[in-house]
Structures are given as C-alpha cells and as structure tokens.
Amino acid sequence: MVPEATSFFTTMTTVPTSAAAAVLLPSAPVDPDAITVTGPDFSKDDFRTVEGLLGSYERIGFQATSLGKAIEIIEKMRSERASTPTEPLNPELSSSPPKRRIFLGYTSNLISSGLREIIRYLVQHKHVDCLVTTAGGIEEDFIKCLGPTYLGDFHLPGAELRKKGMNRIGNLIVPNDNYCKFEDWLTPILDKMVQEQRLSGDAGERHVWTPSSFISRLGKEINNEESVYYWAYKNDIPVFCPALTDGSIGDMIYFHSFKNPGLVLDIVQDIRSINELSRTSEKAGMIILGGGVCKHQIANAMLIRNGADWSVYINTGQEFDGSDSGARPDEAVSWGKIRGDGDSVKVFADATLVFPLIVAATFVKADRESGVTMESTKTL
C-alpha cells in the first residue's frame, strides 16, 4: 500500500484548481484612502510623549482604535462648544445665545474611584454643561470630604469585612464610620430644607425641592473645593439624579422622615429641565461612563431633539442580553437618541483605564495651550 500511495502523490504535478481558487482568492481593489494598521514606533521622538502615543492609537486596531476615535469625537465636542455661533442655526430654538452642550454621565463607582478628581476637573473648568449620575455618585463625593476611601483588594472576604465595619467597592474600601459622619453632616441640612419648605408654604408659595436643587444645596453646604458638586454649585452646572434615593442618601432621608417628616422632592421639574437643556441645544454631545440610569437618562433626553450629534460610550457591557447598558450606539440611532449622521463610538473598556487619557488628550491639552491653570480657576 505504501508504494501505491507514494505513486499517487508523485503523479500529481498540478495544483488542484479548486484549492488554488479557495486559498489564492484575489482581492478587490483597496480604497486609496484606506488607513493602514501601524503602531507607535518608539525609536522616533514623535511617539515618546503621551500626546504622541495617544495620537497613534487610532491606527493600532481593536479597542485602541475605538479609544482614538473617542478622543477625536470628544475633541470635536470640546472645540465646537468653545466656538459658539453668533446666530442660531435653528431659529426655533429659544436658547440665547445658542448653546452647544456636553452632557456627562457616570456611575457611582467612578466617584468612589480616583476618576472623581477627573470629573471634578471638568466641572471646575466648566467643560461640561450637565451631569447625570446615581445616588452613590452623589453621596460618595460628599463622603470623601468627610473621610477617605482606601485601596483594598477584590478578594477580601465579605464576611470578615462586615465584622469590621468595612464596605468593599471592587478593590476599594470605605469604612462604615464614613457613612455615620455623612448622616451627622446631612441631618441638620435636611432639617433646614424642611423648615425652608414649610416657611415658603406659610408665605403662600410653597418651595418644593428637586433632586437637582437638593444636590446643589449640598454642594453649597459642603463648601469644599475637593468636591465635584461644590464646583457644580459654584459654576451653576445642573446635576440630575433620577435615582437619588437608591443609596445612603435614601437611607438618611428614610431615617429623617420619622424624626422630621415633610421633605418633598419633585422629579417632574427635573425631567423638564434636562429635556429642555437638550431641546434648546444647537448641538449636543454625550459622554457616558458606565451604563444604567445615567446612560439612559441622557440618551432619552437626546430623543427630544431627535438625537445627539456626538456620542461616546465607555463601558464593559455586552449587548447579547438586550440590556441598554450593553447596547452599542447604533441601537440608540434606531430610537432617535443618536442622530443617524452623528459621530459615535463605544469603547469596550474600564473607564478608570481610558477616561484619564481621553481628558488629558482633549480638555487638559486645550487648557494647557490656552494657559489655564488650576490656580486661575480657584475664584470662578
């Protein structure tokens, strides 16, 4: 049998046509504008700076390309927002002067992390027009003004931490004492807010708090330049939190309702406010870190104006389960929440890894080039 097999192979001197056609399939002509895949060459000075390195990301491929596109889109948002037109492009808009707005949304864990300082920078320097987050994204900012959060480990045993009064957020640790300090700080403020609400009612015009005015008041009361919401209060940047009671703030409001009932928080005024911010924007961009409420509240507001012009999603969610958190921008296009001709990208990444790089390559770069410093904004 061996000689016969050998004879069979030696008699075939021509490559089978079907195999050649399958393997050597000719390519269609390549578009002359096609971008080649090229990584940074560290032997060249151009790539030995962070700025040069980030500039090369769009040609690396995979999520590096998405990150490069995110930088490009956010730079468009920033630069167009900075150049407000003298006349509105759409005469139906009531905004005067017409505004190009940036809506920033983020989940609570990012305030627990060191991204808090990145977000504070954007608010302090007035680089965004609106914030949307969850309850933890509000309270953790104030709690950090009262006591620090510490680095821990993802694998610390929960039962042992509970015995010690230590709360774990991923690989971060928050002592439970911090929440006790938060209650001590918040309760007198809630008392004053209830009193002001009652006095306004006695005067014939009852003042009703909204989640955004509640957060602004806390920003005023904390009076601490380390706080995101102190700067939001100082710079009159609205902060919307549709799920304000879903966290420690909700616990404190619950306890307070037994001791001094009567506080009213009106979500109707807030939904009108954020939707009007969207509707009256000449152009609008959304930067969303994470998913859930903060993502959809902004995207839904964009529907009022038939979609955002620029959109950057940064999260690790997947779309196979049909969740809004994991959905790619194209799904939002189908709902009218992102414009069909808008610029959009989703970066599949942990925001703590990539958002500092994006901000450094856009807002911080522009501030540096224009001579803006942290000290020059202390009196804003």
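Above: the structure in question.
Given the structure is predicted, the values throughout are model-derived calculations rather than measurements.

**Some remarks on the overall build of the protein**
Phase 1 of the analysis: When helices and strands are tallied, the protein shows 16 helices and nine strands.
Phase 2 of the analysis: The C-alpha atoms of the protein give a radius of gyration of 26 Å, which is well past the 21 Å a tight globule of 380 residues would have.
Phase 3 of the analysis: Taken over 380 residues, the protein has a buried fraction of 44%.
Phase 4 of the analysis: The contacts of the protein with a sequence gap of at least 6 include a subset with a gap of at least 24, amounting to 75%.
Phase 5 of the analysis: With the model as given, the accessible surface of the protein reaches about 20100 Å², and the carbon-plus-sulfur share is 55%.
Phase 6 of the analysis: Charged side chains of the protein number 38 positive and 49 negative; the gap between the two group centres comes to 3 Å.

**Comments concerning the pairing of strand β5 (residues 172–175)**
Phase 1 of the analysis: Here β5 shows no split at all, with L172 and V174 on one side and I173 and P175 on the other all buried.
Phase 2 of the analysis: Bridge count for strand β3 (residues 150–151) against β5 is two bridges, and the pairing is antiparallel. Across the sheet, residue L151 finds its bridge partner in β5, namely L172.
Phase 3 of the analysis: Pairing of strand β4 (residues 166–169) with β5 involves four bridges; the strand directions are antiparallel. By the bridge assignment for β5, I169 is matched with L172.
Phase 4 of the analysis: What sits between β4 and β5 in their antiparallel hairpin is a turn of two residues, with G170 showing a positive phi close to 65°.

**Some remarks on the layout of surface pockets**
Phase 1 of the analysis: The volume enclosed by the largest pocket comes to roughly 370 Å³.
Phase 2 of the analysis: For the largest pocket, the lining is made up of 20 residues, of which N109, L110, D350, A351 and T352 are closest to its centre.
Phase 3 of the analysis: Listed by contribution, the elements that provide at least two residues to the lining of the largest pocket are α5 (108–112), β8 (308–315) and α16 (351–370).
Phase 4 of the analysis: Its residues assigned to classes, the lining of the largest pocket shows eight nonpolar, 11 polar and one charged.

Rules used in this analysis
Residues numbered from 1 in each chain as written. Predicted model: local features only at pLDDT ≥ 70, side-chain atom pairs only at ≥ 80, totals over all residues. Heavy atoms only, no water. Helix = DSSP H or I, 4+ residues; strand = E, 2+ residues; numbered from the N terminus. Rg over C-alpha atoms; globule rule 2.2 N^0.38 Å. Buried < 20%, exposed > 50% of the residue type's maximum accessible area, 1.4 Å probe, protein only. Contact = heavy atoms within 4.5 Å. Areas by Shrake-Rupley, 256 points an atom, 1.4 Å probe, with all protein chains shown as cover. Lys, Arg positive; Asp, Glu negative; His and termini not counted. Charge placed at Lys NZ, Arg CZ, Asp CG, Glu CD. Pairing = 2+ DSSP bridges. 1 Å grid on protein atoms, 1.4 Å probe; cavity = no way out; pocket = protein on both sides within 12 Å on 5 of 7 lines; lining within 4 Å. Points joined across faces, edges and corners; volume = space filled by probe spheres on them. Nonpolar A, V, L, I, M, F, W, Y, C, P; charged D, E, K, R; others polar.

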